[in-house]
Amino acid sequence: QVQLVESGGGLVQAGGSLRLSCAASGSIFSISTMGWYRQAPGKQRELVATIFSSGSTNYADSVKGRCTISRDNAKNTVYLQMNSLKPEDTAVYYCNSHTVVHGGVFEYDYWGQGTQVTVSS
């Protein structure tokens, strides 16, 4: 019913930048929160940043000051600008949305397939 497609991952040197994008499509009635999470090998998935429909944002301490999350509500798209990347930022980055579908009542979580970000030292 809802598909999230991420793009923008890749290989970058430490200190470099990447911009991730995630477009939601399908039978979408409304999206409240959109966000980015990441999972490094052998570790649990963790929050990177979230943005509410109002524009309010929330960041993990590990990325504060280096990452900026934004969204285009008209396009159901969320972005993550990542600067001053570090090797410890290497992970698969997943997009998430809290979505109500057409004809639905409740909000459900949807996830993208993930995009690999690799930061070399």
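What you see is a predicted model, and the numbers here were worked out from it, not measured in a lab.

About the thresholds
Residues numbered from 1 in each chain as written. Predicted model: local features only at pLDDT ≥ 70, side-chain atom pairs only at ≥ 80, totals over all residues. Heavy atoms only, no water. Helix = DSSP H or I, 4+ residues; strand = E, 2+ residues; numbered from the N terminus. Rg over C-alpha atoms; globule rule 2.2 N^0.38 Å. Buried < 20%, exposed > 50% of the residue type's maximum accessible area, 1.4 Å probe, protein only. Areas by Shrake-Rupley, 256 points an atom, 1.4 Å probe, with all protein chains shown as cover. Phe/Tyr/Trp six-rings, centres within 6.5 Å; stacked < 30°, edge-to-face > 60°. Lys NZ or Arg CZ within 6 Å of the ring centre and 35° of its normal. Salt bridge = Lys/Arg side-chain N within 4 Å of Asp/Glu carboxyl O. Pairing = 2+ DSSP bridges. Axes fitted to C-alpha atoms, helices over the stretch in contact; angles between N-to-C directions. Contact = heavy atoms within 4.5 Å.

(A) Spotlight on the overall build of the protein. A tally of regular secondary structure across the protein gives zero helices and 11 strands. Listed by position from the N terminus, the elements making up the protein come as β-β-β-β-β-β-β-β-β-β-β. Radius of gyration (C-alpha) of the protein: 14 Å, near the 14 Å computed for a compact globule of 121 residues. Projecting the C-alpha coordinates of the protein onto the three principal axes gives extents of approximately 50 × 25 × 20 Å. Relative to its full complement of 121 residues, the protein shows a buried share of 42%. Total accessible area on the protein stands at roughly 6,400 Å², and carbon and sulfur atoms take up 49% of it.

(B) Geometry of the packing of aromatic side chains. Per the stated rule, a full pass over the model turns up one aromatic pair. The interplanar angle of 65° and the centroid separation of 5.1 Å between the aromatic rings of Tyr37 and Trp111 together place this pair among those described as edge-to-face. Of this pair, Tyr37 sits in strand β4 (residues 28-39) while Trp111 sits in strand β10 (residues 108-111), placing them 74 residues apart in sequence. The ring of Tyr94 carries the charged tip of Arg45 above its face, separated from the ring centre by 3.7 Å. Across the ring face of Trp111, the terminal group of Arg45 is positioned such that the distance to the ring centre comes to 4.7 Å.

(C) Main features of the pattern of salt bridges. For the structure shown, the criterion picks out four salt bridges. Taking the shortest distance from any N to any O, the salt bridge between Glu46 and Arg38 comes out at 2.7 Å. The exposure class assigned to Arg38 is buried, which follows from its relative accessible area of 6%. The salt bridge involving Asp89 is made with Arg66; its shortest N-O contact spans 2.8 Å.

(D) Layout of the sheet that holds strand β7 (residues 67-72). Taken in spatial order, the four strands make up an open sheet running β1-β3-β8-β7, and their pairing is antiparallel. The open sheet has two free edges, formed respectively by β1 (2-7) and β7, since each of these has just one partner strand. Direction aside, neighbouring strands of the sheet carry axes that sit 15° apart on average. Inspection of the sheet shows β7 paired to strand β8 (residues 77-82) by six bridges, in the antiparallel sense. By the bridge assignment for β8, Cys67 is matched with Met82.

(E) Structural view of the environment of Leu85. Along the chain, the position of Leu85 falls in the loop between β8 and β9 (91-101). Residues in contact with Leu85, not counting those within four places in the same chain, are Val12, Ala14, Gly15, Gly16, Ser17, Leu18, Arg66 and Val119.

(F) Quick peek at the pairing of strand β11 (residues 115-120). Side-chain alternation along β11 places Thr115, Val117 and Val119 on a buried face and Gln116, Thr118 and Ser120 on a face that remains uncovered. Sheet topology note: the strand β2 (residues 10-13)/β11 ladder contains four bridges and is parallel. Paired with Val12 across the bridge in β11 is Val119. Sheet topology places β9 next to β11; three bridges connect them, and they run antiparallel. Within β11, the residue paired with Ala91 across the bridge is Val117.

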